[in-house]
Amino acid sequence: MTPEQKTALAGFLDTAGDYLGDGYRRPRESYDFAGDPAAPELPVRESAGSPDLGTGGPPLPSPVSSGIEEIAEEIRICGSCPLGAGRTNAVPGEGVNNPLVLVIGEGPGQDEDRTGRPFVGRAGQLLDKMLAAIGLRRQENCFIANVVKCRPPGNRDPAPAEALACRPFLNRQIACLRPRIIFCVGKVASNLLLGNEEWATIGSLRGRFFEYPAAPPVPLLATYHPSALLRNEDLKRPAWEDLKLLRSKLEELTGN
Ligand code: URA
């Protein structure tokens, strides 16, 4: 991403924050991205996720991995917790096999429940822009999933029992996808993936890598949920720092 594109992205984030705040555009400091390194050209991976349902964004190729698609089929008929009874669609996740980055959010919202696809609402559009800023796209080198696959009513946090009931699906997705990095957005995904008994604030978890205990261990980075960025513009700068950290780790792991 060029400095001009980064300035455009920062402007977009500002405008989105203003719009969602009080509707008034505020005066801004100017951003200086001239010193930042360019986004790397990252490898393209084989598609693994759900096909495009015509709800926005470029079409995804048809799923090709039996493993990840079998898990998705089980998710679509799951009745292990009460969230299944209220769903329009379960949202297994989408993206490529062996992704560079597995992004993990909290759970489907209204748009995701309607379409069966993860992160397609306003927060999802921002997530796509954040990922694109460091050369990542769900159609090419990422997989996007959630800790719970069915929408919690009223967009509340998933209850512990719901997250527990759904967890085997996420564990199997991680084992099947074998991501190079896990990127948790928001406090729910971050605390659950880190196995924290006492939940920490996302502000105290972000900004450094942890190890997710798979074999082999997977580097895990936490950051703010894109919905939080839409609500609070002060979080945009630390979120951008996290994205740069993610990109550096990818460069270290892939040599690109
Ligand atoms: N928020 C999430 O955490 N996940 C989604 O899929 C959409 C919004």
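Residues numbered from 1 in each chain as written. Predicted model: local features only at pLDDT ≥ 70, side-chain atom pairs only at ≥ 80, totals over all residues. Heavy atoms only, no water.

Student: Describe in detail the overall build of the protein chain, supporting the description with residues and values.
Tutor: Assigned secondary structure in the protein chain consists of ten helices and six strands. Relative to its full complement of 256 residues, the protein chain shows a buried share of 50%. Intrachain contacts of the protein chain at a sequence separation of at least 6 include 73% that bridge at least 24 residues. Looking at the protein chain as shown, the accessible area adds up to about 11700 Å², and 52% of this sits on carbon and sulfur atoms. (Helix = DSSP H or I, 4+ residues; strand = E, 2+ residues; numbered from the N terminus. Buried < 20%, exposed > 50% of the residue type's maximum accessible area, 1.4 Å probe, protein only. Contact = heavy atoms within 4.5 Å. Areas by Shrake-Rupley, 256 points an atom, 1.4 Å probe, with all protein chains shown as cover.)

Student: How would you explain the confidence of the model for the protein chain if you had to name every residue and give the values?
Tutor: Mean pLDDT over the protein chain stands at 85; residues scoring 70 or higher make up 76%. With pLDDT under 50 throughout, residues 15-34 is counted as low confidence; its partners more than four residues away or in other chains account for 27 contacts. Scored below 50 in pLDDT, residues 51-65 shows 30 contacts in the model against residues more than four places distant or in partner chains. (pLDDT = per-residue confidence, 0-100.)

Student: Before we move on, could you go through the site of the ligand and cite the residues and values that matter?
Tutor: Looking at the ligand, the residues that line it are Gly-105, Glu-106, Gly-107, Glu-112, Pro-118, Phe-119, Asn-146 and His-225. Between the ligand and Glu-106 there is a distance of 2.8 Å, counted from an oxygen atom to a backbone nitrogen or oxygen. Within the side chain of His-225, a nitrogen or oxygen atom sits 2.9 Å from an oxygen atom of the ligand. Calculation on the ligand without its partners gives an accessible area of 240 Å², and the protein chains cover 91% of this total. Among the residues forming the shell around the ligand, the class breakdown is two nonpolar, four polar and two charged. (Near = heavy atom within 4 Å. Polar contact = N/O pair within 3.5 Å; in protein donor to acceptor, adjacent residues only side chain to side chain. Nonpolar A, V, L, I, M, F, W, Y, C, P; charged D, E, K, R; others polar.)

Student: Summarise the sheet that holds strand E6 (residues 218-223); cite the residues concerned and give the values.
Tutor: Backbone-to-backbone hydrogen bonds pair the strands of a sheet. The strands run either parallel or antiparallel. If you walk across this open sheet you meet the six strands as E1-E3-E2-E4-E6-E5, and the pairing is mixed. Of all the strands in the sheet, just strand E1 (94-95) and strand E5 (209-212) have a single pairing partner and so form its edges. With five bridges connecting them, strand E2 (residues 101-105) and strand E3 (residues 142-146) associate as parallel partners. Bridging from a neighbouring strand, Val-103 pairs with Ile-144 of E3. Where helix H6 (residues 160-177) meets the sheet, its contacts fall on E2, E3, strand E4 (181-185) and E5, and the angle it forms with E3 comes to roughly 170°. Relative to E4, helix H7 (residues 187-194) is tilted by about 135°, and along the sheet it contacts E2, E4, E5 and E6. (Pairing = 2+ DSSP bridges. Axes fitted to C-alpha atoms, helices over the stretch in contact; angles between N-to-C directions.)

Student: Explain the nonpolar core to me, using residue names and the numbers behind them.
Tutor: Judged by nonpolar contacts, the single largest core of 32 residues is most densely connected at Val-101, Val-103, Leu-131, Leu-136, Phe-183 and Leu-246. Mapped by element, the contributors of at least two residues to this core are E2, helix H5 (122-132), E3, E4, helix H8 (202-205), E6, helix H9 (226-231) and helix H10 (236-254). Beyond its immediate sequence surroundings of up to four residues, Val-101 is in contact with Leu-136, Asn-141, Cys-142, Phe-143, Ile-181, Phe-183, Leu-246 and Leu-250. Leu-102, Ala-163, Ile-182 and Leu-220 belong to the second-largest nonpolar core, a separate cluster that totals 28 residues. (Core = buried A, V, L, I, M, F, W, Y, C linked by side-chain atoms within 4.5 Å.)

Student: Kindly report on H6, identifying the contributing residues and their values.
Tutor: Between the first and last C-alpha of H6 there are 25 Å, a value that for 18 residues agrees with the 26 Å anticipated at 1.5 Å per step. A maximum bend of about 40° is found in H6 at Cys-166, where proline Pro-168 lies one to four positions downstream. Within the span of H6, buried status applies to Glu-162, Ala-163, Cys-166, Phe-169, Leu-170, Gln-173, Ile-174 and Leu-177. Remark: Arg-178 follows H6 within two positions and exhibits a positive phi of approximately 50°. (Expected span 1.5 Å × (residues − 1). Bend = angle between axes of the 7 residues up to and from the residue.)

Student: Give me the lowdown on unusual backbone geometry, citing residues and values where you can.
Tutor: The residue after Ala-215, namely Pro-216, is reached through a cis peptide bond having omega 0°. Counting through the fold element by element, Pro-216 comes out in the loop between E5 and E6. Of note in this structure, Phe-119 is not a glycine but carries a positive phi near 50°. Notably, Asn-155 is not glycine yet its phi reads approximately 60°, a positive angle. Note that Asn-155 resides in the loop between E3 and H6.

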